[in-house]
Structures are given as structure tokens and as C-alpha cells.
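The chain contents come next:
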2 protein chains.
Amino acid sequence: MQNRLGRQTVALEQPAVILSHAAVGGKQEGEGPLADCFDHLCADSFFGEKTWEKAESAMQKIALSKALEKAALPPEDLDYVFAGDLLNQCIGTSFSLRDFGIPFYGLYGACSTMGESLALASLLVSGGFARKAAAMTSSHFCTAERQYRMPVPYGNQRTPTAQWTATASGCVILGAEGDGPKITAVTCGKIVDKGICDANNMGAAMAPAAYDTLAAHFRATGTGPQDYDLVLTGDLGVLGHQIVTEFFQQDGVDMSKNYQDCGMLLYDIQKQDMHAGASGCGCSASVLCGYLLRQMEANHLRKILFAPTGALLSPTSSFQGESIPSICHALTIEK
Amino acid sequence: MQNRLGRQTVALEQPAVILSHAAVGGKQEGEGPLADCFDHLCADSFFGEKTWEKAESAMQKIALSKALEKAALPPEDLDYVFAGDLLNQCIGTSFSLRDFGIPFYGLYGACSTMGESLALASLLVSGGFARKAAAMTSSHFCTAERQYRMPVPYGNQRTPTAQWTATASGCVILGAEGDGPKITAVTCGKIVDKGICDANNMGAAMAPAAYDTLAAHFRATGTGPQDYDLVLTGDLGVLGHQIVTEFFQQDGVDMSKNYQDCGMLLYDIQKQDMHAGASGCGCSASVLCGYLLRQMEANHLRKILFAPTGALLSPTSSFQGESIPSICHALTIEK
């Protein structure tokens, strides 16, 4: 029996080791403070393809290929890939993986997908069901805008609480053995919906889910923010980050010292005029695969709590007056 | 180390036991040959809700509630639910699960979702990561038609190869111990795309994926069709069923005796004018949770190979001229 710490959290007796990771980004990502952390940057939003959807697939192909290359592995050595994206029917993923021939479990976790894919890949590697597995996701500003909001050329004005969907992809390859950072605990989130209906204020909608999962992870593992070099939510942005901090403050837990949000790290929010910050599956994925894991490898970070958040709405559910169900999955990653 | 039979297949040393199952259906399903096998039938396509999307969520809520009731379990006893559907951003699932408070991993596998959810739930239960877990999916004729094809009131004419999306949901609850049918082997599919572009001929698009996964499962487990009371693909319909049969014939494998397709079982195809048969996540889910598992409990079937198939396209990918990537996951279920 595995070391189950309560209902949501598993402490991995056999940790899953990060063998390699790769991050891909677009123009804005290349102009931001983390530009140097990307393995591949492309200023062309089409990534050489004819449509933005095909560009998103191309990003995932590059991320997976780079991660395989860095681990010196052929695709045949991967037993599974866990992946998904924001596009209807997750076509960014299905078309990117078409030519790799890797057994595939498709996910939909909105912007929590990097957490979900890492969680499931870790559990399967840890349980001996896979020797090596990949976790991957992506988002693209232009595909997300035209699917969720307005046609891009329309130049729709954005509200102050709005976030900017990252044009980015991240891929991690996990194995049972190695010297890289290890995933040692996984918490699966529950859907939390506090009644927020404003699809331009995802940070507020997702913050209660982030709080719920982080609190569950702290309780189950007997840790607090002080036990991590950094606690990171996915893409709550400035407002959601503030709400989570306040929620914990009410519990007497101080998150002010080492809590960050990936949506606040990817861009220079002021200079790049990014309103509340970055969002999209590719945000937390590329911040992890580009910045955070490099920081761990350089020993600047030794133990982090990574908790991507997702808003499980659709334009249809919003049109039908529904509020925004959200979710967050959390992982302890340490050296 | 688990008993990995090659790259795609795991034989579960600790099988996952089916504790309960429930099937929900709509009007056409209640007029078909499997009507008596449903736990809940509703002739109102709105299931008492204001929109079809909310009706689809209602179906999943009923399926999960019925399955919990039949296993005499409260939602708190489930460590995970694995679920997804065909709707953009899988809102059928996220809104159905909002009030249950069960840790949730969202999936997108198109019509293969019942196979994918059962596979992952089985692996996590078998590996000791969960005591009990649910696998669930749904589809709804009216939500699928308006999302993938034409507005329903338009009365669009259907081609002879077209299938009818089932208005149905199925839910299975798995545990580590019990007397029910057991999941003993799981094969994860790869994406297969042979270049079919006709979104009204999903059977032909998905058949090569079904063949690929079934052949991998046979190879890895050292079995053939003769070792099962019944081999079932998900929702290939009449044409896809014929193609799979012919593919195996070319290999000298006789599938003519005990191979069926869920899409051919759910309706009386002639009388109900269902063209090539049923499709949708809810098709294989309700045929399994309604008909097949009851047949196993009555000892009419003792060992089956259940292999739901999914077409990983979207209207956008079709508009952009892409072919249809497909996938199939397979499970051995036996008493």
C-alpha cells in the first residue's frame, strides 16, 4: 500500500525523478524577465504554420522533442504521455502527438493541466506502471482569444482584472531513477466554485480552489509555507495571489515571505502592460520547465510546492449564466 | 514492479474490482433493445433542466449518485473520480461534479473516455494510490449536434455512414476488494491517423486505432479473440466494425464469432433509423454499465475485452482540412 496521507494526498515512497524538461515560448515570453530560461523562442505567432491552432501543436512538438533530446531518449522509451490544452477537444495536443507513437492519456484540467499531467505521470512511474513518462501542455494567446473571447483583429479592450494567455508550452520527462529534482508528494484537487461569474476575473474565481488544495497539502504532509523555498500557484495573477494570501492570513498562516504566482513571473506586468498577469496552461508549464527547474538545478531552490490552477468553464457555460468551477493540483518537488 | 507486458499493457497483479455501476439514458435509448438495462431513463431531453448542456451534467449526477447508492457508499468514500465528456472544456463533467467534493482528474479522450477513465482508475486502485475511485462519462445528442454539426432544429440530413450520438451516461465504482467483475489488464492506446477527413464517417477514422490497440492487447497478453466471451469496440458502428474484422482477417485472426461493437448494440439500427449505429462517450459507457456488466453478473459473460474508441478531432481541425486522429484504450474484465 502506498503512503496515502488522507484522501487527497499521496507521499510517493518511490519518488518520480525529473529526467529532463523543456520550455517553448512566443514573442511576449521572449520579451519578459524569464526569456533566458526558454529552450526555444519564436517571435512568429504562427510558428511557421498556416493557422494558430497548428502553431500550438507545433509548440508542443518542439517542447516534447527538446525534452527527449535533453534526456537523450527516443520517443519509443516513453511508456506514456499525459497531455492536454485549452482548445476545444484539446486539438493542440492530439495533433502534436500524432506522429510520436507514444501511448497517450488525454487530459482536460484547463490551466491546471501541468499539475494534473505531472501528478498522474508521477503516480504511474512511482507505482511501477511506467518506466518513463512525459507530462505536457500548452496555450496560445491567439487560439485562446478567438475561442474564448473576441476575434483577435477586433482589438477588444481588456479589463484591469484580465490576464494574458501565454503563448507557451512545457514538457517534463519523468523516470524512476536519476539525479534530477524529485516529485515526492501529490495532492489531487476538488472542484471549488464560490459563485464568481466574471470570466474576465479568473484569478478571483480560481483563488478559492488554490487555497483549498494548498491547505489540504499542508494538512496532509504536516508542512506549512515555511517548509518550502517557494510556494507557487499556477496563474492566479496579481488579484488571485492577493486573495490566497488573505485567506491564509485569516487562518494565521503567513504566505507573505515565499509565495509567488507563475502568472506574476512570466511577464514584466507593468512594462509589458499585462494587467493582472499571465494565464493559460502554458504559463505555469513554461515557468516550471524554464525557470523553476533551472533554479533547482542551480541549487537556488531546493524544495518547492507547485500548484497550477484551472478554471473549468466554457463560453457556453458563461452564456448560460453559470459561475466558474475551479480546481488546483499540487506537487512537492525537491532535490 | 508491476507486471508490465510490453510498453502499452499492464497486467494488474492486484486487480481492480467493480463495486457498482449505473447507466442513464434518454428517449431513444429507452426505445432500444437495451432499455431494460438502464438504471434511469428520461424521455425529456432536458432532464428537467433549462439547457441541454445542463441536462448532460444532470445525467452524470444521476449516474454517479445511482452508482454510489448501489455500492452503499457516500461520496466521501471515493478518493478520486476520473471523468470527461465531449463538450468544449468538458463542462458536462465539471458542472456535474461541482457539488460532490470528490478529488477529480479531468480527462479528454473523446468517445474513448470510458476506457481511459476505467484504465486510470484501475491503475491507481491497483497501485494502492486509492481505496475507491469512480470512472464516468456522458454524451448528449442535442449538445453534440449543436456543437459539432448543425443547430438541432435545422433538421440536417444525415449521411449513411453517420452515427447517432447517444444521450447517455455511465459510471463505474472501483475498489481493491469485492466479489464483482475485475479489471485484470489495461492497454493504453496510441494516436493513429490514417488520413480519413470525413467527419461523418467516424467509424472508418477510428477503426485503425481500434485494430492497433486490440492487436497490441492480444500480443502483450498472449491471447486472441477466442480467449474472450466477447470482444467489444466502443462506437465504431456497422462500417468500422466491418473494417476491424477485415484488418484482423488479413492477419489470419477470426473476429467473426464473438466481436461486437457497442454502437451496434444500443439501438435497433433498422427500426430506429440509426444509419451506422450509435456513438458518443455515453454509448460504450452505458452499454458497459447497463448491459455488459449485468450480463457478467448473471454469468452469461465471464471474460470480455472492452475497447472504447475516440476520434480526437474538433470542428476547427476539420475546417482547417485536417484528418482525424483516433485512439482506443482496451481493458480485460473478468469474473
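Residues numbered from 1 in each chain as written. Chains lettered and ligands numbered in written order. Predicted model: local features only at pLDDT ≥ 70, side-chain atom pairs only at ≥ 80, totals over all residues. Heavy atoms only, no water.

K.L.:
Looking at this model, I keep getting lost on helix H4 (residues 113-126) of chain B. Mind explaining?
P.N.:
Note that an α-helix has 3.6 residues per turn; residues three or four places apart therefore point the same way. All names here are of chain B. Between its terminal C-alpha atoms H4 stretches 19 Å, which fits the 20 Å expected from 14 residues at 1.5 Å a residue. Burial of H4 is extensive: 14 of the 14 residues sit out of reach of the surface. Backbone geometry just downstream of H4 places Gly128 in the positive-phi region, at approximately 80 degrees. (Helix = DSSP H or I, 4+ residues; strand = E, 2+ residues; numbered from the N terminus. Expected span 1.5 Å × (residues − 1). Buried < 20%, exposed > 50% of the residue type's maximum accessible area, 1.4 Å probe, protein only.)

K.L.:
I tried to follow the environment of Ser96 of chain A on my own but got confused; where do I start?
P.N.:
Residue and element names in this part refer to chain A. Looking at the secondary structure, you find Ser96 in helix H3 (residues 91-97). Here Ser96 falls in the buried class, since its relative accessible area comes to 1%. The contacts of Ser96, once residues within four sequence positions are left out, are Ser57, Gln60, Lys61 and Met136. Within polar-contact distance, the side chain of Ser96 engages the backbone oxygen of Thr93 at 2.9 Å. (Contact = heavy atoms within 4.5 Å. Polar contact = N/O pair within 3.5 Å; in protein donor to acceptor, adjacent residues only side chain to side chain.)

K.L.:
Just to check I follow, could you spell out the pairing of strand E2 (residues 9-25) of chain B for this structure?
P.N.:
Both faces of the sheet carry side chains from a regular strand, because those side chains alternate between them. Residues and elements named next belong to chain B. For E2, a buried count of 14 out of 17 residues is recorded, marking the element as mostly surrounded by other parts of the structure. What sits between strand E1 (residues 3-5) and E2 in their antiparallel hairpin is a turn of 3 residues, with Gly6 showing a positive phi close to 80 degrees. One ladder, built from 5 bridges, connects E2 with strand E9 (residues 182-187); its direction is antiparallel. Within E9, the residue paired with Thr9 across the bridge is Thr187. Pairing analysis gives 8 bridges linking E2 to strand E8 (residues 168-175), with the strands arranged antiparallel. (Pairing = 2+ DSSP bridges.)

K.L.:
Looking at this structure, how should I read the packing of aromatic side chains?
P.N.:
Working definition: an aromatic ring pair is given by the centre-to-centre distance plus the angle between the planes. All names here are of chain A. Enumeration according to the criterion identifies 18 aromatic pairs over all chains in this entry. Pairing Tyr80 with Phe82 gives two aromatic rings, centres 6.2 Å apart and planes at 45 degrees, and the pair type is tilted. Classification of Tyr80 as buried rests on a relative accessible area of 1%. A network of ring pairs unites the aromatic residues Tyr211, Phe218, Tyr228, Phe247 and Phe248 as a single cluster. The residue whose ring lies beneath Lys303 is Tyr228, and the NZ or CZ to ring-centre distance is 5.1 Å. (Phe/Tyr/Trp six-rings, centres within 6.5 Å; stacked < 30°, edge-to-face > 60°. Lys NZ or Arg CZ within 6 Å of the ring centre and 35° of its normal.)

K.L.:
Would you mind going over the nonpolar core with me for this structure?
P.N.:
One recurring pattern in soluble globular proteins: nonpolar side chains tend to sit buried together. Leu118, Leu288 and Ile333 of chain A together with Leu118 and Leu288 of chain B are the most contacted members of the largest nonpolar core, which has 112 residues in total. Among all residues touching Leu118 of chain A, those that are not within four sequence positions of it are Ala135, Val172, Leu174, Ile183, Leu288, Phe306 and Leu331 of chain A. The next biggest cluster of nonpolar side chains, apart from the first, holds 68 residues, and it includes Ala63 and Cys90 of chain A together with Leu64 and Ala67 of chain B. (Core = buried A, V, L, I, M, F, W, Y, C linked by side-chain atoms within 4.5 Å.)

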